[in-house]
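# Summary of the model geometry
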Amino acid sequence: MRRTDSRAVLNRDERKSLVTTNKTEVGVFARNASGASEVVFLHVQASPDDIRNGHHYERALDLAADQGYEPLGAFDRSDPAWKVFGDRQKYQAFFDDAVECLQGAWVDGRSCSGADTIDEVTQLFARHQDGQHAYIACSADGYWTHDGWMSDAENAFVTRDSAGLAKLACAGALTVLAVPMADFDKVQHLPETSELEDAADAAMERARQHGFTVGGENAGEVLAEELGLAGHALAAWVAPFLQAYMLHAQEQAETNASSERDSQRGA
């Protein structure tokens, strides 16, 4: 990353080369007109030699200054800072795309077809979903929705911030699943709580019959096998929930069996 106190002076040949070189994207740490810190992403002309010599940093710093910012430093895709701030440009690209393709939905006086808008939103997300995740919460109580825990996942609450979901109260097996944006059509097909209960009971019965132990290493796999026999083809990202649910079901079964034995002794 290049700081403002190390700017290079471009000679005439370098300035001339700007006409024929390609654009590259550079992030600039800066203070805006209000004095607040901001990260600005800019496109500047730069050849491979310019990039090797750091001239693209200098051009980005100058461009930021021309736009009224007080530039503090610059970074590009090769710098660690890009991993932290680079997605900000992705979100900006998403917003720009949304403004353009959905303008009929929010500009007064424009005609807007509900069906067409839904199609456009679907296509909008498809264009920007690569590498993106959102989160849903599931537990022994079902799937978290706007109306609380529900037995099916059709209306599961989707959020980009998992922190709030991790604080939900439930009977147990709380799991926050990171769902790839490309897989959101699979959420509604997650097994209902009754199907999970039946599969867990079948898994424990099979373990007793065949004399194997269900534990931390294989709990999710055992439950997935039972759900598979029932016709559920589940994505890999569901595995943490299956693991937590199976261990919870086993613990509950052991607690119930212990209570029943105590009750029989008391009788």
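See the structure printed just above.
Fair warning: this is a prediction, and the values are worked out from it, not measured in the lab.

Conventions and cut-offs
Residues numbered from 1 in each chain as written. Predicted model: local features only at pLDDT ≥ 70, side-chain atom pairs only at ≥ 80, totals over all residues. Heavy atoms only, no water. Buried < 20%, exposed > 50% of the residue type's maximum accessible area, 1.4 Å probe, protein only. Helix = DSSP H or I, 4+ residues; strand = E, 2+ residues; numbered from the N terminus. Arc of directions from axis to C-beta. Contact = heavy atoms within 4.5 Å. Pairing = 2+ DSSP bridges. Axes fitted to C-alpha atoms, helices over the stretch in contact; angles between N-to-C directions. Expected span 1.5 Å × (residues − 1). Patch = residues over 30% accessible without salt bridge, like charges linked within 9 Å, V, L, I, M, F, W, Y side chains within 5 Å. Areas by Shrake-Rupley, 256 points an atom, 1.4 Å probe, with all protein chains shown as cover. Salt bridge = Lys/Arg side-chain N within 4 Å of Asp/Glu carboxyl O. Lys, Arg positive; Asp, Glu negative; His and termini not counted. Charge placed at Lys NZ, Arg CZ, Asp CG, Glu CD.

Moving on, we come to helix α8 (residues 219-229). Within the sequence span of α8, burial applies to Ala-219, Gly-220, Val-222, Leu-223, Glu-226 and Leu-227. Each buried residue of α8 lies within a common arc of 165° when the element is viewed along its axis, so the set occupies one face. With respect to the buried face of α8, the exposed residues turned more than 90 degrees away are Glu-221 and Leu-229. Gly-231, located one to two residues past α8, shows a positive phi value of around 100°.

Mapping Phe-85 onto the fold places it in helix α4 (residues 81-101). In the structure, Phe-85 is positioned 45 residues away from Val-40 in sequence and 9.8 Å away in space, judged by C-alpha atoms. Among all residues touching Phe-85, those that are not within four sequence positions of it are Phe-29, Val-39, Phe-41 and Phe-75.

With respect to the helices and strands, Ala-199 occurs in helix α7 (residues 193-210). Accessibility expressed as a relative area gives 6% for Ala-199, which makes it buried. Once the C-alpha coordinates of Ala-199 and Gly-228 are considered, the two residues, 29 residues apart in sequence, prove to be 9.3 Å apart. Those residues in contact with Ala-199 that sit more than four places away from it in its chain are Leu-223, Glu-226 and Leu-227.

Let us now look at the sheet that holds strand β8 (residues 175-180). Pairing is antiparallel across the open sheet formed by 4 strands, whose spatial order is β7-β6-β5-β8. The open sheet has two edge strands with one neighbour each: β7 (148-150) and β8. Taking each pair of neighbouring strands and ignoring which way they run, the sheet shows an average axis angle of 40°. Bridge count for strand β5 (residues 133-139) against β8 is 6 bridges, and the pairing is antiparallel. What sits directly across from Tyr-135, in β8, is Ala-178.

Now for unusual backbone geometry. Positive phi, close to 65°, is recorded for Ala-173, a residue that is not glycine. Ala-173 gets classed as buried once you look at its relative accessible area, which sits at 14%.

Okay, the pairing of strand β2 (residues 22-31) next. Of all 10 residues in β2, 7 are buried, a share of seventy percent or more. The pairing of β2 with strand β3 (residues 37-46) spans 10 bridges and is classified as antiparallel. What sits directly across from Ala-30, in β3, is Glu-38. Turn length for the β2-β3 hairpin, with the two strands adjacent in sequence and antiparallel, is 5 residues, and the turn residue Gly-35 shows positive phi of about 90°. Here β2 runs beside strand β4 (residues 70-75); their pairing, made up of 5 bridges, is antiparallel. In the sheet register, Gly-27 faces β4, and the bridge partner there is Phe-75.

Our focus in this paragraph is helix α3 (residues 55-66). Between its first and last C-alpha atoms α3 spans 17 Å; for 12 residues at 1.5 Å apiece the expected length is 16 Å, and the two agree. What α3 keeps buried is the set His-55, His-56, Tyr-57, Glu-58, Arg-59, Ala-60, Leu-61 and Ala-64.

Attention shifts here to a negative patch on the surface. A surface patch of like charges, here negative, comprises Glu-192, Glu-195, Glu-197, Asp-198 and Asp-201. Looking at the secondary structure, you find Glu-192 in the loop between β8 and α7. The class for Glu-192 is partly exposed, based on a relative accessible area of 34%.

This part takes up the pattern of salt bridges. A complete count under the given rule lists 9 salt bridges for this structure. Across the salt bridge formed by Asp-97 and Arg-127, the nearest N and O atoms sit 2.8 Å from each other. One end of the pair, Asp-97, is in helix α4; the other, Arg-127, is in helix α6 (residues 114-128), and 30 residues separate them in sequence. You can call Asp-97 buried: its relative accessible area is 18%. You can call Arg-127 partly exposed: its relative accessible area is 45%. Among the ionic pairs, Glu-205 bridges to Arg-208, the shortest N-O distance being 2.8 Å.

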